[in-house]
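Observations on chain architecture
One letter stands for each residue in the lines below.
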Amino acid sequence: MTKTFAEKSRNTTFLGMFALMSATSILFHSCNQEKDKKESEKIISKNDPTAKIVPKIDDENVTSDKRVIYLTFDDGPNRGTENLLKILHKRNICATAFLVGKHAYGSKKQKEDLELLRQDQLVELANHSFTHAHNKYTDFYKNPMAVVQDFDAAKDSLKLYDKIARTPGRNIWRLNNITVTDLKSSTEAANSLKKAGYKVIGWDLEWKPSNKMALKGNHEAMLKKVDSIFFNDLEKTSRHLVFLTHDQYLTDTDSVNELDLFIEKLQKTNRFVFRKISEYPKINEVLN
C-alpha cells in the first residue's frame, strides 16, 4: 500500500507533491503576525532513536501540512548585508542575523549596516560571539570559561540580552531537549554556555560557499535538499528546519539572484511558514 503524505510517502517528494495541489492555498508569513506563545507541542531530540512522534505545529495560523523554515545568516554585519536586506524586503520575509561583535565595529560601513539591521523589523539579532573564535576554533573551545566570556562580550556590546546564540565554526545545539555537539572536543564549552543561560542553536541545512566565497551551486539543488530533509525527517525538531548561510556570500550578482530564487520558489509552493529563530519551539523556556 502506498503511504500517504502524513506517513512520508516514498513515491512523492515534499515539494513536488504540493506543486500539484490547489493554487488557492494561503501562504502565511508569521513574522508579520502576532507571535503565538502556546507551548504544547512536543519536541523531538534526534539523539533519541526511538523518538518518531511527529508533533503538531501549535499555531492557529499554521495547518498540519505546513513546514516552518528559519532563515539565519551568520557573521554580520559584513560584506553582503545590504544585499541580504534587499532580498528580505523584496520577498517580505523575516530572518535572523547572528552577529559577530568585532564585525559590528570593524569599519564605518559595518557600523552603518549594524544600524540598518537594528532598525529592520524583518530582522532579528542574535549572538555569534565577539571574536568569532579568532578563526582558531580548536584552541577557542579548549577554554570553556573564555568561550562564555567571549559571548558575554558580544551580548553586552551588541545589547543582545535574550541569550540566543550560535557557536562559530561548530554546529552545536543546547536547548532543554536538544543536545547536539558536532565535535566532542567542544562539549565542555557548549555545556558551559548552556549553564551560563545561553540557548545555543545550530542548523539543519547550510548553503556553503565556493572557493570564491560565493554561494556554491544553485537554488534548485538547495530546494532538493530542503525536500530531502523534510521527507526523511532529518530536522532536529520535526517540521521545523533551520537554514544557514552567510552575509559575505552575497556580494556577487549570481549569489544574490540564487538566494532570491530559492526564497521565491519556497514561497510559491504555499506550504512554508517563515519565522525568526526566537519562535523556534520552546526556545524561550528557562534552561534546566
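**Focus on the pattern of salt bridges**
If you walk through the whole model with that rule in mind, you get 12 salt bridges. The shortest N-O distance in the salt bridge between Glu-264 and Arg-91 comes to 3.8 Å. With Glu-264 in helix H9 (residues 253-268) and Arg-91 in helix H2 (residues 81-91), this pair connects stretches of sequence that are 173 residues apart. What makes Arg-91 buried here is its relative accessible area of 17%. Close ionic contact of Lys-155 with Asp-156 constitutes a salt bridge, the shortest N to O distance being 2.7 Å. What makes Lys-155 buried here is its relative accessible area of 13%. The exposure class of Asp-156 is partly exposed, given its relative accessible area of 44%.

**Quick look at the nonpolar core**
Core analysis: the largest hydrophobic core is formed by 40 residues, its most contacted members being Ile-69, Leu-71, Val-226, Phe-243, Leu-259 and Phe-262. Contacts of Phe-262, omitting those with residues within four sequence positions, involve Trp-207, His-219, Met-222, Leu-223, Val-226 and Phe-243. The next biggest cluster of nonpolar side chains, apart from the first, holds 17 residues, and it includes Tyr-70, Phe-98, Ile-277 and Tyr-280.

**A few points about the packing of aromatic side chains**
Enumeration over the complete set of coordinates arrives at 7 aromatic pairs. Both rings, one in Trp-173 and one in Tyr-280, keep their centres 5.7 Å apart while their planes meet at 50°; by these two values the pair is tilted. Of this pair, Trp-173 sits in strand S5 (residues 172-174) while Tyr-280 sits in the segment after strand S10 (272-274), and the two are 107 residues apart along the sequence. Given a relative accessible area of 0%, Trp-173 falls into the buried group. Looking at Tyr-280, the relative accessible area reads 2%, which means it is buried.

**A short note on the environment of Ala-221**
Its location among the elements puts Ala-221 in helix H8 (residues 219-231). C-alpha of Ala-221 to C-alpha of Phe-262: the two residues are 41 residues apart in sequence and 9.4 Å apart in space.

**Section: the confidence of the model for the chain**
With 78% of its residues at a pLDDT of 70 or more, the chain has an overall mean of 85. In this model residues 17-29 is a low-confidence stretch, pLDDT under 50, and it forms 26 contacts with partners more than four residues away in sequence or in other chains. Note that pLDDT drops below 50 for residues 32-59; the model gives that stretch 55 contacts with residues more than four away or on any other chain.

**Let's talk about helix H6 (residues 144-158)**
Look at H6: 21 Å from first C-alpha to last across 15 residues, which is about the 21 Å you get at 1.5 Å a residue. Phi turns positive, to about 60°, at Lys-159, one or two residues after H6.

**Points about the pairing of strand S3 (residues 123-127)**
Where burial is concerned, most of S3 is hidden: 5 out of the 5 residues are buried. Side chains Val-123, Leu-125 and Asn-127 of S3 all project onto a buried face; the interleaved residues Glu-124 and Ala-126 project onto the opposite face, where all are buried too. Direction of pairing for strand S2 (residues 95-99) relative to S3: parallel, over a ladder of 5 bridges. Pairing of Phe-98 across the sheet is with Ala-126, part of S3.

**Regarding unusual backbone geometry**
In terms of backbone geometry, most residues other than glycine have negative phi values and most peptide bonds are trans. Following Gly-76, the chain continues to Pro-77 via a peptide bond in cis, the omega torsion being -10°. Relative to the helices and strands, Pro-77 resides in the loop between strand S1 (67-76) and H2. In this structure, His-132 takes a positive phi of about 55° despite not being glycine. Along the chain, the position of His-132 falls in the loop between S3 and helix H5 (137-140). Its identity as a non-glycine residue notwithstanding, Lys-163 has a phi of 60°, on the positive side. Locating Lys-163 in the fold gives a position in the loop between H6 and strand S4 (164-165).

**Remarks on the packing of H8 against H9**
Running from amino to carboxyl end, H8 crosses H9 at an angle of 45°, the nearest separation of the two axes being 9 Å. Our classification of the angle between H8 and H9 gives oblique. In terms of crossing hand, the pair formed by H8 and H9 is right-handed. Of the residues in H9, those touching H8 at His-219, Met-222, Leu-223 and Val-226 are Glu-258, Leu-261, Phe-262, Lys-265 and Leu-266. In terms of residue class, the contact of H8 with H9 is built from 6 nonpolar, 1 polar and 2 charged.

**Details of the packing of H2 against helix H4 (residues 108-119)**
Packing of H2 against H4 brings their axes to within 10 Å, and their N-to-C directions diverge by 20°. Here H4 runs roughly parallel to H2, going by the angle between their axes. Relative to H4, H2 is oriented so that their crossing is left-handed. Only Lys-109, Asp-113, Leu-116 and Leu-117 of H4 make contact with H2, whose side of the interface consists of Thr-81, Glu-82 and Leu-85. Looking at side-chain class alone, the contact of H2 with H4 contains 3 nonpolar, 1 polar and 3 charged residues.

Procedures and definitions
- Residues numbered from 1 in each chain as written.
- Predicted model: local features only at pLDDT ≥ 70, side-chain atom pairs only at ≥ 80, totals over all residues.
- Heavy atoms only, no water.
- Salt bridge = Lys/Arg side-chain N within 4 Å of Asp/Glu carboxyl O.
- Helix = DSSP H or I, 4+ residues; strand = E, 2+ residues; numbered from the N terminus.
- Buried < 20%, exposed > 50% of the residue type's maximum accessible area, 1.4 Å probe, protein only.
- Core = buried A, V, L, I, M, F, W, Y, C linked by side-chain atoms within 4.5 Å.
- Contact = heavy atoms within 4.5 Å.
- Phe/Tyr/Trp six-rings, centres within 6.5 Å; stacked < 30°, edge-to-face > 60°.
- pLDDT = per-residue confidence, 0-100.
- Expected span 1.5 Å × (residues − 1).
- Pairing = 2+ DSSP bridges.
- Axes fitted to C-alpha atoms, helices over the stretch in contact; angles between N-to-C directions.
- Parallel < 35°, antiparallel > 145°, perpendicular 65-115°, else oblique.
- Left-handed = near helix turned anticlockwise from the far one by under 90°.
- Nonpolar A, V, L, I, M, F, W, Y, C, P; charged D, E, K, R; others polar.

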